[in-house]
Amino acid sequence: MNDQHETRPASALLRLVGPPVVAAAAATLSLAQEAETVPRPAAPAPPVARVTAPAPIKIGRDLDADRLAAEADFRRRLIPQPIEADRFESLLTQLDVADDKRARLVKEHAEYLDRHKAARGDLLRKLEVLLPASFRYDPALNQLQPVYTPELLEALRLRASIVRSVLDYEGTLDEGLGAACSDSKRNLLRAFRAQRAQELYGAPARLPGATVNLLELVPKCGLTGEELASIESFFETYATSYVEQLRGRWLKLLAIEYEEAETLTSLGPEWRVGRSDKDALEIERSLSQLDVAVTLTDRAISELNESSLVTLRSSLPPLASRKVIEAYRKIVHPEVFDDERAHRLLVEEMIGLPSLDEKTIGGIVQSLASIEDRLRALGTQATQLADGIIEAESLPAPDAAAARVMLQSKLQGILEKRRRIIRDGVNALRPMVPSGEGSFIVRLDDALAMLAARDRAGRFLRDGYDARIGEIAILEAERAAEAEESAREAERNENSNAPAPETQTISPNGADTPPPAPPRRTRGTRGG
């Protein structure tokens, strides 16, 4: 019985691979059996030598360690982790909380930890049971990826239940900290709140504007202590809005994640198989809307930062606000502002000319401010179009290409308008150049030549994009005509297969009379 059982896998494999492989395997087996009957010469004795165990060889990265690290990170992000006691004590020390308030907060934090633990409880144990069936480790991405089954949906529902409770406890503890913090330590509390929000709600952003935290950026822009103190109220308002937007975005992402899991679970594994290309594309388009929705969750934070820059521009001196804006533009779509940045550097170089008087310098600064005011609205439009190009990447390939073409055409048009304004600014500088500074006149000419070159390149690109737009329009018209013709053809076929309608004779008095009976067939009638 054991021998028969051991041969079944081999026999099944031979049946699976087919007759040619079966024949080759049979021949090999026959030769092996013949070799067993031939006496073999005695093998020489191996030489006696000291055998040293080879050192273990490590090829590439340690996959086990990577997997364990990825799983630990996944679990940390799956459910918000509480603030540990030692970290909370350190925070109270940094905030210089008075002893009486400190004792109350320590007690509140202990209750907070108990609630965190209770919120997990049996739900977390049930979630842990479901996780191996709901997620699998992908070594190529070094991440855990969802497995779309009803088990995943149940795991996501359990997670949502735990998260709702945990976030309520976080809010209660934060309120206590806010009430106990003195005005002199508000900046430290703001920094902690932003950091904690990133821990709780942080998720990778696709739009560059959503990656910026002005609480971190502005203090690094070289502003004086007096300038920073003058915008203290701005920081307080921004911190509250920033945390709220992060939390709102995260909750939307959780909802989108569940909707996507529900959709893909209902479609089943390898859902493209057995579907026509047209049907598969329609499903891809439906799924891509969820991916687009993920990108759109970035907009609220990006718009918060843009509106906050407007506030800072009116709250800070011109030079200070320009530092902040320039730092922001270096992070958020710097390619859109290349020409403006080059113009500002040219102006700064001109201001540094030793032969300029104060009046001329004032005129140059005023000219720069005027140019920047004219560029501002176009800059906002350009960044929105650049964001749109990123958002289009979430669409299926044909739709993404069509969207990019249209957005790029509009973007090139906006950039051309911005260069036209900058050209006005360069020309306005020429009369202010002192005599004897001929070399700087050459610099202005070079700047104009550079703008002209970028105009030519931009027009070439825009003409190409517009040509693609025309081709897309033609293809869409052809598809619409084909669809209409197919609909007509289907209608004609349906009408041709329908039975002929019965006719009725209407009597003069309006009463219906039955149609005449067909003649009776008799012997000898033709066709009988």
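The rules behind these values
- Here the residue index of a chain counts from 1 through its sequence in written order.
- With the structure being a predicted model, the display of local features is reserved for residues of pLDDT at least 70 and the display and counting of side-chain atom pairs for 80 or more, all residues being used for whole-chain, interface and lining totals.
- As a convention, hydrogens and water are excluded, and side-chain values are obtained from all of the structure's heavy atoms.
- Only DSSP runs of H or I reaching four residues or more are called helices, and only runs of E reaching two or more are called strands; each is numbered from the N terminus.
- Each residue is assigned to one of three classes by its accessible area relative to the maximum for its type, calculated with a 1.4 Å probe on protein chains only: buried under 20%, partly exposed between the two thresholds, exposed over 50%.
- In this description, contact between two residues means that some pair of their heavy atoms is separated by no more than 4.5 Å.
- Computed with the Shrake-Rupley method and a 1.4 Å probe, the accessible areas treat only the protein chains shown as cover for residues.
- If DSSP finds at least two bridges between two strands, the strands pair.
- Lines fitted to C-alpha atoms define the axes here, with helix axes fitted over just the stretch in contact, and angles between the N-to-C directions of these axes take values from 0 to 180 degrees.
- Every angle not falling under 35 degrees, over 145, or within 65 to 115 is termed oblique; those three ranges are roughly parallel, roughly antiparallel and roughly perpendicular.
- Here is the rule for handedness: rotate from the far helix to the near one, and if that takes an anticlockwise turn smaller than a right angle the crossing is left-handed, while a clockwise turn gives right-handed.
- Side-chain classes follow a simple rule in which Ala, Val, Leu, Ile, Met, Phe, Trp, Tyr, Cys and Pro form the nonpolar group, Asp, Glu, Lys and Arg form the charged group, and the remainder, Gly included, forms the polar group.
- For Phe, Tyr and Trp, rings pair up if their centres lie within 6.5 Å, where Trp contributes its six-membered ring, and each pair is then called stacked (planes under 30 degrees apart), edge-to-face (over 60) or tilted (otherwise).
- At any given residue, the bend is defined as the angle formed between two axes, one fitted to the seven residues that end at that position and one fitted to the seven that begin there.
- Salt bridges are defined by distance alone: a side-chain nitrogen of Lys or Arg within 4 Å of a carboxyl oxygen of Asp or Glu.
- Expected span, for any helix, means 1.5 Å times one less than how many residues it has.
- You can read pLDDT as the predictor saying how much it trusts each residue, on a scale of 0 to 100.

Participant: Describe the overall build of the chain, naming the residues involved and giving the relevant values.
Facilitator: A tally of helices and strands in the chain yields 17 helices and 4 strands. The proportion of buried residues among the 528 residues of the chain is 33%. Sequence-distant contacts, at least 24 apart, represent 75% of the contacts inside the chain between residues at least 6 apart. Accessible area of the chain: about 33000 Å², with a carbon and sulfur share of 57%.

Participant: Run through the pairing of strand β2 (residues 143-146), naming residues and quoting values.
Facilitator: Bridge count for strand β1 (residues 135-138) against β2 is 4 bridges, and the pairing is antiparallel. Counterpart to F135 in the pairing with β2 is P146. The hairpin turn running from β1 into β2, its antiparallel successor, is 4 residues long, and N142 in that turn takes a positive phi close to 55°.

Participant: Explain the packing of helix α3 (residues 63-78) against helix α5 (residues 99-134) residue by residue, including any values.
Facilitator: One can describe the packing of α3 onto α5 by two numbers: an axis separation of 13 Å at closest approach and a directional angle of 135°. By the angle between their directions, the pair α3 and α5 is classed as oblique. Regarding α3 and α5, the two cross each other, and that crossing is right-handed. Here F74, R75 and L78 of α3 come into contact with α5, specifically with L127, E128 and L131. Of the residues assigned to the contact of α3 with α5, the class counts are 4 nonpolar, no polar and 2 charged.

Participant: Just give me the short version of the packing of aromatic side chains, but keep the residues and values in it.
Facilitator: As enumerated under the stated definition, the model contains 5 aromatic pairs in all. Both rings, one in F234 and one in Y238, keep their centres 5.9 Å apart while their planes meet at 25°; by these two values the pair is stacked. Remark: Y238 and F234 occur in helix α10 (residues 232-267); sequence separation between them is 4 residues, near one turn of the helix. Each member of the pair F234 and Y238 is classed as buried.

Participant: So, α5: which residues are in play, and what are the values?
Facilitator: The α-helix winds at 3.6 residues per turn, so residues separated by three or four positions along the chain end up facing the same way. Of all the bends in α5, the greatest, near 50°, is centred on G121. All of the buried residues in α5 are L105, H109, Y112, H116, A119, R120, L127, L130, L131 and S134. On its buried face, α5 sits against α3, α4 (85-94), β1, β2, α6 (150-180) and α7 (186-201).

Participant: Describe the environment of V243, with residues and values.
Facilitator: Within the element layout of this structure, V243 appears in helix α10. When its relative accessible area of 23% is taken as the criterion, V243 is described as partly exposed. Counting along the chain gives 45 residues from V243 to Q198, while the straight-line C-alpha distance between them is 8.4 Å. If sequence neighbours within four positions are ignored, V243 has contacts with R193, A194 and A197.

Participant: Could you give an account of the environment of G248, naming the residues involved and the relevant values?
Facilitator: Residue position: G248 is located in helix α10. On a C-alpha basis, the gap between G248 and I301 in space is 9.9 Å, while along the polypeptide they are 53 residues apart.

Participant: I'd like to hear about the pattern of salt bridges, residue by residue, with values.
Facilitator: On inspection of all chains with the given rule, the structure shows 39 salt bridges. For E282, the salt bridge goes to R285, with nearest N and O atoms at 3.1 Å. Separated by 3 residues within a single helix, E282 and R285 lie in helix α11 (residues 277-296), roughly one turn from each other. Of the charged contacts in the structure, one is a salt bridge between R344 and E340, with a shortest N-O distance of 3.5 Å. Linking R344 with E340, this pair stays in helix α14 (residues 338-351), spanning 4 residues, or about one helical turn. Through salt bridges that share partners, R322, E326, D338, E340, R341, R344, E372 and R418 make up one connected network.

Participant: Could you give an account of α7, with specific residues and numbers?
Facilitator: For α7, with 16 residues, the first-to-last C-alpha span of 22 Å sits near the 22 Å given by 1.5 Å per residue. Looking at α7, one finds that the buried residues are R186, L189, R190, F192, A194, R196, A197, L200 and Y201. Among the structural elements, α4, α5, α6, α8 (214-217) and α10 are those in contact with the buried residues of α7.

Participant: Before we move on, could you go through the confidence of the model for the chain and cite the residues and values that matter?
Facilitator: Residues at a pLDDT of 70 or more form 82% of the chain, whose mean pLDDT is 81. Throughout residues 1-52 the model reports pLDDT below 50, and contacts reaching past four residues in sequence, or to other chains, amount to 3 contacts. Note that pLDDT drops below 50 for residues 503-528; the model gives that stretch 10 contacts with residues more than four away or on any other chain.

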